[in-house]
Amino acid sequence: YLEGYVISTDEGGNFFEEIIIQDKLENPTIGLKLLVDSNPLFTRYEIGRKIYVKLDGLTAGISNGVLALGINNNNSIAKIPSFQEDEFIIRSAEVGALVPLSVEITEFDDTLENLYIQIEDVQFNRNDVSNGNSTTFAAEPSDEFDGERILESCTSSSTAILSTSTFADFKSLNLPSNRGAINGILSRDFFDEF
């Protein structure tokens, strides 16, 4: 078994049939994606819930560029079938408060993938929020599966992409125009290009 704390939620539609977990509530060192063919998952695995994952019978590998666990399906990783969910995932009674890991965009690397992070002093690209024509998180005509928006560091001029599912219930909200901090899960894009 391995143990971890849930850092993702499918409640708003931004995640689908996956649970992202990390090893600790604060100062995590590793995280992974658990593929589960069940929806919704947030009713059983809310943010901060400690879970145990039975490894015997599961396969580890890379899914969309990040470390993942699922079942072996012809040498690829597939979702754990819903009827086997209880066989592989055990809920602990423990639910804790997550503390995001504070990082700078310039510090992004593979060791931070699948971790709950906070980036301080960032803003969305001014072209997406200026002149009263604020872009939405993921409801533009060009958004197919995800809305990808540029986040800019106000201190280093580094950039990163914020990805929001077009199935998220907040996809039509306009991007905020002010600077501030943002919390999220560091991952790779769907095609593992960045």
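Before reading further, recall that the structure is shown in the block above.
Residues numbered from 1 in each chain as written. Predicted model: local features only at pLDDT ≥ 70, side-chain atom pairs only at ≥ 80, totals over all residues. Heavy atoms only, no water.

Within the chain one finds two helices and 14 strands. Over its C-alpha trace the chain gives a radius of gyration of 17 Å, about what one expects of a compact globule, namely 16 Å for 194 residues. Oriented by its inertia axes, the alpha-carbon framework of the chain measures out at about 55 × 35 × 30 Å. Looking at the chain as a whole, 43% of its 194 residues are labelled buried. (Helix = DSSP H or I, 4+ residues; strand = E, 2+ residues; numbered from the N terminus. Rg over C-alpha atoms; globule rule 2.2 N^0.38 Å. Buried < 20%, exposed > 50% of the residue type's maximum accessible area, 1.4 Å probe, protein only.)

Two descriptors summarise a pair of aromatic rings, namely the distance from one centre to the other and the angle between the planes of the rings. Using the criterion set out here, one finds two aromatic pairs in the structure. Considering the side-chain rings of Phe 124 and Phe 137, the 6.1 Å spacing of their centres and the 90° angle between planes classify their relative orientation as edge-to-face. Placement of the pair is Phe 124 in strand S11 (residues 116-124) and Phe 137 in the loop between helix H2 (126-129) and strand S12 (146-153), with a sequence separation of 13 residues. Here the two residues Phe 124 and Phe 137 agree in accessibility, since each one is buried. Cluster of aromatic residues (ring-pair linked, three or more members): Phe 124, Phe 137 and Phe 170. The ring centre of Phe 88 lies 5.9 Å from the NZ or CZ of Lys 54, which sits over that ring. (Phe/Tyr/Trp six-rings, centres within 6.5 Å; stacked < 30°, edge-to-face > 60°. Lys NZ or Arg CZ within 6 Å of the ring centre and 35° of its normal.)

The next thing to look at is the pattern of salt bridges. For the structure on display, the rule yields nine salt bridges. Here the salt bridges share partners, and the residues they tie into one network are Glu 3, Lys 50 and Glu 94. (Salt bridge = Lys/Arg side-chain N within 4 Å of Asp/Glu carboxyl O.)

Structurally, Gln 22 can be placed in strand S2 (residues 18-22). Judged by relative accessible area, Gln 22 falls into the buried class, the value being 1%. Here Tyr 116 takes part through its backbone nitrogen, which lies 3.0 Å from a polar atom of the side chain of Gln 22. (Polar contact = N/O pair within 3.5 Å; in protein donor to acceptor, adjacent residues only side chain to side chain.)

What follows covers a nonpolar patch on the surface. Side chains of Ile 30, Ile 62 and Leu 67 sit close together on the surface and give an oily, nonpolar patch of about 280 Å² of accessible area. On the basis of relative accessible area, Leu 67 is assigned to the partly exposed category, the value being 34%. (Patch = residues over 30% accessible without salt bridge, like charges linked within 9 Å, V, L, I, M, F, W, Y side chains within 5 Å. Areas by Shrake-Rupley, 256 points an atom, 1.4 Å probe, with all protein chains shown as cover.)

This part is about unusual backbone geometry. Apart from glycine, the bulk of residues carry a negative phi angle, and the bulk of peptide bonds sit in the trans form. The linkage connecting Asn 39 with the following residue, Pro 40, adopts the cis geometry, with an omega of 0°. Relative to the elements of secondary structure, Pro 40 occurs in the loop between strand S3 (31-37) and strand S4 (49-53). The backbone of Glu 17 sits at a positive phi, close to 55°, despite the residue not being glycine. For Glu 17, a relative accessible area of 11% translates into the label buried.

The next point concerns the environment of Ser 156. Residue position: Ser 156 is located in the loop between S12 and strand S13 (159-165). Each C-alpha atom, one on Ser 156 and one on Glu 26, is 26 Å from the other, the two residues being 130 residues apart in sequence. Polar contacts involving the side chain of Ser 156 include one to the side chain of Ser 158, which spans 2.9 Å.

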